[in-house]
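One letter stands for each residue in the lines below.
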Amino acid sequence: VTTSCPLCGLEYEPGGDACRAQGCPLARVGCATRHCPRCGYAVPDEEHSRAARFIRRLFRSRGPARTLAELPAGGQGVVARLSGEGALMARLTAHGLVPGTRVTLLQRSPAFVVELGETTLALERRVAEGVRLRGAMLEAMRADPSAVTSPADPRLEAMGQESVAGADQIPQLLAVPPRERLQLLLEMLAFEERAHRATLQPKAP
Amino acid sequence: LKPDFNMEGGQSPVRRVVLVGNPNVGKSALFGALTGLRATVSNYPGTTVEVTRGTMAGVEVVDCPGLNSLIPSSEDERVAAALVRDARGEAGSVVLQVADAKNLRRALILTAQLGRLGVPTVLALNMADEAEASGIRVDAERLAELLGIPVGATVATRGRGVAALARALGAARVPRNHLALPEEIAPHVHDWLAGTRGDVPGPLAARYHVALLDHADAIVARVTTRERPQGSPLARRLGRLAVHPLGGWPVLGAVLVALYWAVGVFGAGTLVDLLEDRVFGGFVAPWARAAAGHLPWTFLRELLVGPYGLVTMGLSYGLAIVLPIVATFFTAFALLEDSGYLPRLAVMADRAFRLFGLNGKAVLPMVLGLGCDTMATLTTRILPTRKERLLATLLLALGIPCSAQLGVILAMFAVAPLPAGLVWAGVVATVMIVVGLLAARLLPGERSDFVVELPPMRLPALDNVLAKTAARVEWYLAEALPLFLAGTLTLFAMDRAGLLTRVARAGEPLVTGLLGLPAEASAAFLVGFLRRDFAATRLFDMARGGALSVTQTVVAMVTITLFIPCVANVFVIARERGPRMAAAIAAVVFPLAFLGGALTRLLMLGLGYGATP
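Q: I'd love a proper account of a nonpolar patch on the surface, names of residues and values included.
A: All names here are of chain A. Taken together, the side chains of Phe54, Ile55, Leu58 and Phe59 make up a nonpolar region of the molecular surface, amounting to roughly 470 Å² of accessible area. On the secondary structure map, Leu58 appears in helix H3 (residues 50-59). Given the relative accessible area of 55%, Leu58 is considered exposed.

Structural data, given as structure tokens:
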């Protein structure tokens, strides 16, 4: 990846080599600017600037939330799976937070407050990040099974199914041995990811 | 996959009822409705977890700590699970499971586990009124049919349905259990529930809970109907406000001010004045002196009513000063507890406590510490990891002034000007923060993840609050009063042997040299080892009599605040964290107290205050 210097137009790799060659002490600890090797013009390096990342986050159009921590305040989602330390998982599930639970995030600060049915839980960010939400496609599928069909999949065909026509078929499909179930789930995830990406692309006229 | 069935329990007269349920479902209220106000609080053997017992028409009733699953994840839950297991084998023991009628789903986790374990059970659908208000209707008869156990709807706070429930106890049955479990769990579940296998692997426990909840959802779907909620959302709005990123702070401030007025002003001020000056000073002490006057031996007279007498010092301290403060504090604390505010306080405090290697839950021992540090040290057990318990214990011992002390400190600054008060607060806070930051980084171990359930905000029931307070005060006196008497006896013996003045003289270089306090103050520090607030009172007397300058007052207050906690606290630390930890904490706190005092002196002199009066 190269950048072109806005001042002199030189194409260069923003590796910070020029700075290091000049013996700048900041280059070693990592600084948030890059200097053109020819003219020395400084360009901010957003990758290394916490402030820039913060501003970007403010303006970023949000895609579908993948974890509870990405949900906006007031947003809803359905838990797909929990990740984290075993004891924590045992605790969360005992509070009723299990895959398939519909959750509403009430607020994000000073702690994440999430409502599931009649239970309200307060979690810190790192716990909320471990609560993965079901993807947007699966959710759309649940809401209106006829609206979404997946492309034909040879593995599904082999099992006597042409495609995932509706959400009600998913449990049926999952009644396969664990190894195949995993494979299937991985493929569903990959499909979902493709579809997810497609929704983020600007629509063709 | 194989379904498991359970035999129905045999019948024998009920002798013991064990109350089990998720936290905040009104278990204590139901306990009170069943047993009346007479209850005893004791620790479960080998732990510091409180278990409340009472009787109902000759039947023993045991109130367990809250429990989400019989696979426990905290010491409280471990005790509750052990109590359930104890009830399993005994003829005549039944479990009365208390459920929040609104949140039947989570209660059914426990019901299914009780069924698997084979414990005769009766289910109370408590808070039926709240469920009705939020439009949730549970068909109790249908549920009883499905589970094969008696089910009754109750409103424990108003005694509704309690009598019918008590009558149903004799008909307790083992809950029916058609749950099909995944094959990797099924063979182990019984061992997990019976506690015959030590630690249950977390991921497997999680999978078990998932299966239980699936099953529970199926039952809930068949017995509940939902309508649009009616009723006032005021409590709900207040509950949201209490954790609001901005609105939460005024609420927190209001709670703290109210706590200060109740405990600091009313308890430590009005009530102590009344009891100590009027009752003890006006009646008890003169009467005791008159009675002791008839005793032939001076020694015995001194022992009872001398300056270090059992009656004039030990009893007056334990009953006239500590009792009113502890009683008002526990009342206020029980109110907070029942209102559902405490977990919300933990949410507000989470960020700040993370700096100290703790999470928001640690705020509860800290607030309790404002009442009594000894009591608060006991409650550090709610923190899951060893590191957190140690950190909280250290911070409590170092800088959280107990209510008695706080009362005297605030009174003392009524004598000193405002900037002096700020210096005191600033120095104590700085020492706490520096020590907290350092200890969080130096101690090995991890901070636990912050997960707290927020119960709905409720108006506390008066009888429940009073019963709780009474049980706690009783327990506190049983522990603290003998300690006061023993401490007084020690002081008396030292005074008689002439040790008191010798130790005071030995401490002089430290007290006068380093801190610049008058020589008499070293006696106060020695007594401070018995009780911190005792030392504070002694110094307060000196300040009021004009024996201390402003500088000396502030220096003394800082040193006393940071000083070694009272003897009772040291004992409790030794019991909870081991004698070596107690010694280590003492070794940290002692030098810090004097260092803090010395720094304060320099600061005050630098600010232009005089050294001596």
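Q: Lay out the nonpolar core in plain terms, naming residues and giving numbers.
A: Soluble, globular proteins show a tendency: their nonpolar side chains are buried together. Residues and elements named next belong to chain B. In terms of nonpolar packing, the biggest core is built from 98 residues, with Tyr341, Leu358, Val363, Leu517, Phe525 and Leu539 touching the most fellow members. Ranked by the residues each element gives to this core, the list is headed by helix H12 (residues 310-339), at 10 residues. Every residue in contact with Leu358, bar those within four places of it in the chain, is listed here: Phe353, Leu383, Glu388, Leu391, Ala392, Leu395 and Arg447. In terms of nonpolar packing, the next biggest core, distinct from the first, is built from 38 residues, Val62, Leu181, Ala205 and Val210 among them.

Q: I'd love a proper account of the pairing of strand S8 (residues 119-123) of chain A, names of residues and values included.
A: Among the five residues in S8(A), five count as buried, and that is most of the element. Burial along S8(A) is two-sided: Thr119(A), Leu121(A) and Leu123(A) and Thr120(A) and Ala122(A), pointing in opposite directions, are all buried. Hairpin connection between strand S7 (residues 112-116) of chain A and S8(A): a loop of two residues separates the two successive antiparallel strands, and Gly117(A) in this loop has a positive phi of roughly 60°. Here three bridges tie S8(A) to strand S10 (residues 451-453) of chain B, and the two strands are oriented antiparallel to one another. The residue of S10(B) that forms the bridge with Leu123(A) is Val451(B).

Q: Quick one: what's the story with helix H3 (residues 104-117) of chain B, residue by residue and with numbers?
A: All names here are of chain B. In this model H3 runs 20 Å from its N-terminal to its C-terminal C-alpha over 14 residues, within 8% of the 20 Å that 1.5 Å per residue would give. Of all 14 residues that make up H3, 14 are buried, and the element is covered over most of its length. In the segment just after H3, Gly118 is the residue with positive phi, at about 80°.

Q: How would you sum up the state of the cysteines? Please name residues and give values.
A: Residue and element names in this part refer to chain A. Using the criterion set out here, one finds zero disulfides over all chains in the structure. You can see Cys5 has no disulfide; the closest cysteine sulfur is in Cys39, sitting 3.6 Å from it. Take Cys5: its relative accessible area is 3%, and that puts it in the buried class.

Scoring rules and cut-offs
- Residues numbered from 1 in each chain as written.
- Chains lettered and ligands numbered in written order.
- Predicted model: local features only at pLDDT ≥ 70, side-chain atom pairs only at ≥ 80, totals over all residues.
- Heavy atoms only, no water.
- Patch = residues over 30% accessible without salt bridge, like charges linked within 9 Å, V, L, I, M, F, W, Y side chains within 5 Å.
- Areas by Shrake-Rupley, 256 points an atom, 1.4 Å probe, with all protein chains shown as cover.
- Salt bridge = Lys/Arg side-chain N within 4 Å of Asp/Glu carboxyl O.
- Helix = DSSP H or I, 4+ residues; strand = E, 2+ residues; numbered from the N terminus.
- Buried < 20%, exposed > 50% of the residue type's maximum accessible area, 1.4 Å probe, protein only.
- Core = buried A, V, L, I, M, F, W, Y, C linked by side-chain atoms within 4.5 Å.
- Contact = heavy atoms within 4.5 Å.
- Pairing = 2+ DSSP bridges.
- Expected span 1.5 Å × (residues − 1).
- Disulfide = S-S within 2.5 Å.

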